[in-house]
Amino acid sequence: PGINAEYGCPNIEVLESDGCGYITRYIPGGYWISSDVDYSAAEPLREAYVRVHRYRYKNNDGGVRIPSTRPTITWETLDAEGNVIGATMNMWVASEWQDKFPGSTDPLVRIVKMPDLKVYSRSYGGYLEDELYGEQFELLEEALSNQGIEVDESARLRVVFTYLRYGSQRIEAMLVGR
């Protein structure tokens, strides 16, 4: 069994990549549990994660428990200079709930429909807060530029395939293709 054998995941496909330094993936469209990330908060990612997580256990109007899924994606929106101007924490709605998810009872949590995405990623084995993790986006941009691949310059995805800050980490820097 893999690192996330006990979790449900969207059917993410690995696509052929023409260059090195990145992986190309297809993430199918579907519904995601989403909450804004407030980077001025004491623990912004943890706070957003807890809100999303609680929806799955109790903060939904169906009073049902929805299975845990991976990955967790923090979607950062960037301005023209590359500064973060907004962010959301997102967790896949388990496949068996995609067509019948309950509403959120927390006004800070919503269900959003994401489109199909072609993404490019670079793995990193440390933590999201590491300075070296931030450099993975620059290395990814350089690898893609060398291949003439264009990305959405207004988006940066911080992707976690394991529980935040728990044991072995599997995190990736991702950019969305155009």
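Provided above is the structure to which this section pertains.
Just so it is clear, the structure is predicted and the values come from calculations on it, not from any experiment. (Residues numbered from 1 in each chain as written. Predicted model: local features only at pLDDT ≥ 70, side-chain atom pairs only at ≥ 80, totals over all residues. Heavy atoms only, no water.)

S.K.: Explanation requested: helix 1 (residues 44-57) in the structure shown.
M.R.: In an α-helix, one full turn covers 3.6 residues, which means residues spaced three or four apart are oriented alike. Taking 1.5 Å of rise per residue, the 14 residues of helix 1 would be expected to cover 20 Å, and the 20 Å separating its terminal C-alpha atoms lies within 8% of that figure. Along helix 1, the positions that sit buried rather than exposed are Pro44, Leu45, Ala48, Tyr49, Arg51, Val52, Tyr55 and Arg56. Buried residues of helix 1, viewed axially, fall in a sector of 160 degrees; they line one side. Those residues of helix 1 that are buried lie in contact with strand 3 (30-36), strand 4 (72-78), strand 5 (84-92) and strand 6 (109-114). (Helix = DSSP H or I, 4+ residues; strand = E, 2+ residues; numbered from the N terminus. Expected span 1.5 Å × (residues − 1). Buried < 20%, exposed > 50% of the residue type's maximum accessible area, 1.4 Å probe, protein only. Arc of directions from axis to C-beta. Contact = heavy atoms within 4.5 Å.)

S.K.: I would appreciate a short explanation of the pairing of strand 2 (residues 23-27) in the present structure.
M.R.: On a regular strand, one side chain projects to one face of the sheet and the next to the other, so that they alternate. With three bridges joining them, strand 1 (residues 13-15) and strand 2 adopt antiparallel strand pairing. Bridging across to strand 2, glutamate 13 finds its partner in tyrosine 26. (Pairing = 2+ DSSP bridges.)

S.K.: Can you help me understand helix 2 (residues 131-146) in this one?
M.R.: Between the first and last C-alpha of helix 2 there are 24 Å, a value that for 16 residues agrees with the 22 Å anticipated at 1.5 Å per step. Every buried residue of helix 2 is accounted for by Tyr133, Gln136, Phe137, Leu140, Ala143 and Leu144. Each buried residue of helix 2 sits inside an arc of 130 degrees when the element is viewed along its axis, so together they form one side. Those residues of helix 2 that are exposed and angled more than 90 degrees off the buried face are Glu131, Glu138, Ser145 and Asn146.

S.K.: Before we go on, may I ask you to explain the side chain of asparagine 60 in this structure?
M.R.: Among the secondary structure elements, asparagine 60 is positioned in the loop between helix 1 and strand 4. Non-local contacts of asparagine 60, meaning those with residues more than four positions away in its chain, are made with Tyr55, Pro102, Gly103, Ser104 and Thr105.

S.K.: Just checking my understanding: could you explain the pattern of salt bridges for this structure?
M.R.: The tally for this structure, following the rule as stated, stands at five salt bridges. Ionic pairing is found between aspartate 36 and arginine 110, a salt bridge with its closest N-O pair at 2.7 Å. Here aspartate 36 is found in strand 3, whereas its partner arginine 110 is found in strand 6, with 74 residues between them in sequence. Here aspartate 36 falls in the partly exposed class, since its relative accessible area comes to 43%. The exposure class of arginine 110 is partly exposed, given its relative accessible area of 32%. Across the salt bridge formed by arginine 158 and glutamate 76, the nearest N and O atoms sit 3.0 Å from each other. On the criterion of sequence distance, the pair formed by arginine 158 in strand 8 (residues 155-160) and glutamate 76 in strand 4 is long-range, its members being 82 residues apart. When sorted by exposure, arginine 158 lands in the same class as glutamate 76, which is buried. Connected via shared salt-bridge partners are Glu76, Arg156 and Arg158. (Salt bridge = Lys/Arg side-chain N within 4 Å of Asp/Glu carboxyl O.)

In short, shape yes, function no, at least from these values alone.
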